[in-house]
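These are the residues of each chain, in order.
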Amino acid sequence: MVERVRVLIIGGGAVGCSCLYHFAQLGWSDVLLVERNELTSGSTWHAAGNCPTFSTGWGILKLQQYSAALYRRLSAAAEYPINYHVTGSVRLAHTTERMDEYQYVRGLAEANGLNYEILSPAQLRERHPLVALEGLHGALWDPNDGDIDPAQLTQALAAAARARGARVQRFTQVTGLEQLPAGDWRVRTDRGDYLAEVVVNAAGYRAGEVMALLGQALPIVTMSHQYLVTEAVPELAGRSARVPLLRDPDVSYYLRQEGGGFILGPYEQQATAMWLAGIPEDFSYRLWDDALERLEPYIEAAFARVPPLARAGVKRVVNGPIPYSPDGLPYVGPAYGLANFYHCNTFSFGIAQAGGAGKALAEWVVNGGPEWDLWSIDPRRFTGYASTTYTLAKAIETYQNEYAPAYPCEERPAGRPLRTSPLHERLQHAGAHFGVRGGWERALWYDGEGSVPATLSFRRDRNWMPHVAAEVRAVRTAVGLMDLPGFTKFMIGGPGAQDYLDRLVCSRLPAPGRIALAYALTEQGGILSEFTLTRLAPETFYAVSAAIAEHHDDDVLRRGLPRDGSVRIERVSESLGTLVLAGPRAREVLQQVTAADLSNGAFPWLTARRITVATAAVIALRVNYVGELGWELHVHGQDLAGVYDALVEAGARCGMRHFGMYAMDSLRIDKCYRGWKSDLETGYTPFEACLDRFVDLSKGDFIGKAALMHEKARGTARRLVPLLLDEPGDADAPYCSGIFAGARRVGLATSGLWSHTLERSVVLAYLDAQYATEGTALSVDILGRRCAATVAREPLFDPGNARPRG
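How each quantity is defined
Residues numbered from 1 in each chain as written. Predicted model: local features only at pLDDT ≥ 70, side-chain atom pairs only at ≥ 80, totals over all residues. Heavy atoms only, no water. Axes fitted to C-alpha atoms, helices over the stretch in contact; angles between N-to-C directions. Helix = DSSP H or I, 4+ residues; strand = E, 2+ residues; numbered from the N terminus. Parallel < 35°, antiparallel > 145°, perpendicular 65-115°, else oblique. Contact = heavy atoms within 4.5 Å. Nonpolar A, V, L, I, M, F, W, Y, C, P; charged D, E, K, R; others polar. Salt bridge = Lys/Arg side-chain N within 4 Å of Asp/Glu carboxyl O. Core = buried A, V, L, I, M, F, W, Y, C linked by side-chain atoms within 4.5 Å. Buried < 20%, exposed > 50% of the residue type's maximum accessible area, 1.4 Å probe, protein only. Pairing = 2+ DSSP bridges. 1 Å grid on protein atoms, 1.4 Å probe; cavity = no way out; pocket = protein on both sides within 12 Å on 5 of 7 lines; lining within 4 Å. Points joined across faces, edges and corners; volume = space filled by probe spheres on them. Phe/Tyr/Trp six-rings, centres within 6.5 Å; stacked < 30°, edge-to-face > 60°. Lys NZ or Arg CZ within 6 Å of the ring centre and 35° of its normal. Right-handed = clockwise from strand over helix to strand, strands pointing away.

(A) Just the packing of helix H2 (residues 58-76) against helix H9 (residues 350-367), in detail. Packing of H2 against H9 brings their axes to within 7 Å, and their N-to-C directions diverge by 100°. Taken together, the axis directions place H2 and H9 in an arrangement best described as roughly perpendicular. Together, Ile60, Leu63, Gln64, Tyr66, Ser67, Leu70 and Tyr71 of H2 and Ile351, Ala352, Gln353, Ala354, Gly355, Gly356, Ala357, Lys359 and Ala360 of H9 make up the contact between the two elements. Partitioning the contact of H2 with H9 into residue classes produces ten nonpolar, five polar and one charged.

(B) Molecular detail of the pattern of salt bridges. By the definition in use, this model includes 53 salt bridges. Among the salt bridges present, the one from Arg419 reaches Glu574, with a minimum N-O distance of 2.7 Å. With Arg419 in the loop between helix H10 (388-400) and helix H11 (424-429) and Glu574 in the loop between strand E27 (568-571) and strand E28 (576-582), this residue pair connects regions lying 155 residues apart in the sequence. The partner of Arg503 in a salt bridge is Asp701, and the shortest N-O contact between them spans 3.1 Å. A residue pair is termed long-range when its members are at least 10 positions apart, and Arg503 in helix H13 (residues 497-504) and Asp701 in the loop between helix H17 (661-671) and helix H18 (705-714) qualify at 198 residues. The network of salt bridges with shared partners includes Arg419, Glu550, Asp554, Arg558, Arg571 and Glu574.

(C) Highlighting the nonpolar core. Counting 62 residues, the largest nonpolar core has Tyr519, Leu723, Ile739, Val763, Leu767, Leu778 and Ile782 as its most contacted members. The contacts of Ile782, once residues within four sequence positions are left out, are Leu725, Ala731, Asp732, Ala733, Pro734 and Cys787. Phe23, Cys51, Ile148 and Ala156 belong to the second-largest nonpolar core, a separate cluster that totals 52 residues.

(D) A look at unusual backbone geometry. Residue Pro417 is bonded to the preceding Arg416 through a cis peptide linkage, with omega at -10°. Along the chain, the position of Pro417 falls in the loop between H10 and H11. Cis geometry marks the peptide bond from Glu794 to Pro795; its omega dihedral reads -10°. As for its position among the elements, Pro795 is in the loop between strand E38 (785-791) and helix H19 (802-805). Positioned with a positive phi, Cys672 is a non-glycine residue whose angle comes to about 60°. Looking at the element boundaries, Cys672 is found in the loop between H17 and H18.

(E) Structural detail: the sheet that holds E27. The antiparallel open sheet is built from five strands, whose spatial order is E24-E25-E26-E23-E27. The sheet is open, and its two borders are formed by strand E24 (515-521) and E27, each paired with just one other strand. Geometrically, the sheet is characterised by an average inter-axis angle of 30° between neighbouring strands, direction not taken into account. In terms of strand pairing, strand E23 (residues 488-493) meets E27 through four bridges, oriented antiparallel.

(F) Just empty space enclosed by the protein, in detail. Counted according to the given criterion, the structure contains one cavity of 30 Å³ or more. Here the largest cavity is characterised by a volume of approximately 50 Å³. Lining the largest cavity are Gln103, Tyr104, Arg106, Gly107, Leu108, Pro734, Tyr735, Cys736, Ser737, Asp781, Leu783 and Gly784. Per element, the largest residue contribution to the lining of the largest cavity is five residues, and it comes from helix H3 (residues 96-111). Its residues assigned to classes, the lining of the largest cavity shows six nonpolar, four polar and two charged.

(G) Structural detail: the environment of Trp45. Tracing the backbone shows Trp45 in the loop between strand E2 (31-34) and H2. Counting along the chain gives 105 residues from Trp45 to Pro150, while the straight-line C-alpha distance between them is 6.3 Å. Discounting chain neighbours no more than four positions away, the residues touching Trp45 are Thr40, Tyr285, Arg286 and Leu287.

(H) Examining the packing of aromatic side chains more closely. Tallied over the entire structure, the rule returns 25 aromatic pairs. Summarising the aromatic geometry, the rings of Tyr71 and Tyr84 are spaced 6.2 Å apart at their centres and angled 80° between planes, so their arrangement reads as edge-to-face. You can see Tyr71 sitting in helix H2 and its partner Tyr84 sitting in strand E3 (residues 84-86), a full 13 residues away along the chain. Residues Tyr71 and Tyr84 agree in their burial class; the two are buried. Taken together, the ring pairs connect Tyr254, Tyr267, Tyr324, Phe349, Tyr399 and Tyr403 into an aromatic cluster. In this arrangement the basic side chain of Lys359 is found over the ring face of Tyr66, its NZ or CZ atom lying 5.6 Å from the centre.

(I) The arrangement of the pairing of strand E1 (residues 3-10) in detail. Here E1 runs beside strand E11 (residues 192-201); their pairing, made up of seven bridges, is parallel. By the bridge assignment for E11, Leu8 is matched with Val199. In this structure, E1 lies alongside E2, joined through four bridges in parallel fashion. Counterpart to Leu8 in the pairing with E2 is Leu32. Since E1 and E2 lie parallel, the crossover through helix H1 (residues 14-25) that links them has a hand, and here it is right-handed.

Everything listed here is a matter of geometry and, on its own, says nothing about what the molecule does.
Below you can see the structure in the form of structure tokens.
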């Protein structure tokens, strides 16, 4: 007889058991976890157990902060014996750039109620008396860091879940998965079959094998990670408290106390991927032979930094498997294209993140989404381009750079180029420097040669700034041309298309031939997706969204599709390229290569026309992201080069210049145009984002309407507004910088950019509503310095939109 369960979790490590625990906490007790061996037998059992809260990313910091708080609660309960040591940690800095990074992370932490401290070398010695100070600029102190016994943690989570009715079945291997027509999942195991409403893939380094049962690939590589455990160190014996955990990221290792000795764990440049031909049938509680020669430089550096370590013998070496995604972040959330199937796997730091990940996953299933926007770990951030070769190259690169500074504009080279525009070589010849967005190579800036490497910095002293300034000037005073490959694009048609889209988005749909911004929301009113929606015909809509959103927005558009066939969706992202022509002379350039009437009377702002450009059929949208007269030209890939060449030739007579993503960012900040997953995310509503004009509460029901009606009735508590720094300084506000009125935190920055048009540093920030009025004097925490700023009115440039209407 087939047993029916509400949720079936595959995998019994710390992450799987955290999912089980959090389902039970939310009142779902009909949940079964199956594990092919014993609990913890994969990567959990040999994990070092470090529990940092530190992260350079908002979402991961929240996961780890929650995990640490949960572990403190669990370890305080008498029924869950756990060895959990909250020792605090010091992160050493050998450079001023590293200190800048620490100032940035200190601000992130402070915004989340964590009291990190920047330490001088002398203060570092007070926290960790065994550290040699030579060559150090300072350190960062995290008071909540520590280490936990991974096996005890896992058993405590499982025990607490069982106490609420959830179940664990060990020595049960999943052998097949099939989704039935009614939506349930048939899960075949070597001990019988189950029917589950929801399946969670928490199989750790075997998560790819689980997806292979469905004929799908998961971008995952297993890396070898080694750490060594020393014999007792006499200098630790007489201490009343454990020494703090130490990380030396500029060398690339961690060092923490383990009993009377230390654990030393480097992330070495000789990063080694394993099991490229497949995972052994059973690797439970097993390790690889050590390869200490890979670690020798890091061991020697640690000996010099903590001299007592050099006198300790090695007790044992642990060399075990750790799964890596291309960016080193886990997969938590819905699987693309599979209803009621979720990922919670591929954790490179699984113990530190398990608590928060289990919470988020359970909230995805039970509530339709997590408390926090966690796009950075959404499984749908990678699409079909993430091949085995690409994943391997990026995983190795990520492991090598695990402790590298998180520079805001760094573009790492491994696995590239992968997805390129038909114009890629032409742009290279024009001197383009490329970056990756959604796997696509896009020009970031141009220097005429394309051979000078970009400088990396947390400040504004980057060598590409003068080049970007020239590109901005060209767009503002003459005309610029930009190739934007990889936009996510859909054709949505059929007799039911209007009603379907009206239900999906909160915005008023455009009339035929018109363009509108449209927002899909969560049930709670948060901003889920942003579309540029063009109505090409009464029953035909063309939806364009961010390059990285391809799988995400495909799911959004298809999740409530009518079953009667009245709506058809075709993804055309690969077949249509996009050229942006913008600036006061854009009409003059385009008119040379088309017979279409481009006058305001025939082709006004926010309209679309099918026109011919240089013999090619083009969907021309009179709209852009830079606030100028201009057009987006959506062109079939085979015609893109011909259209581009014609525009370049015509533009030469009008002072046209190529411009890239960095110039576009500077141009858009003048107009306070928002960015998806920076300024707009599920944690903010359109009213909070000051997008009231894109919300139509007078139309019929739409997803999130009830939440917006409730918000409108009670009043919006915070608003997104621009601020101008009173003095330029040498740095712009990093993401999530704090905004202050005196000593009181009143907001959070979501964009901080230099406007080459205004020659001012601009911040977009969500402020408590009482401070979001023009002229309010505030300050912004920028890399540890409080910088005076004043709330301004949007848009900051061309407030009447005379230029795009021109």
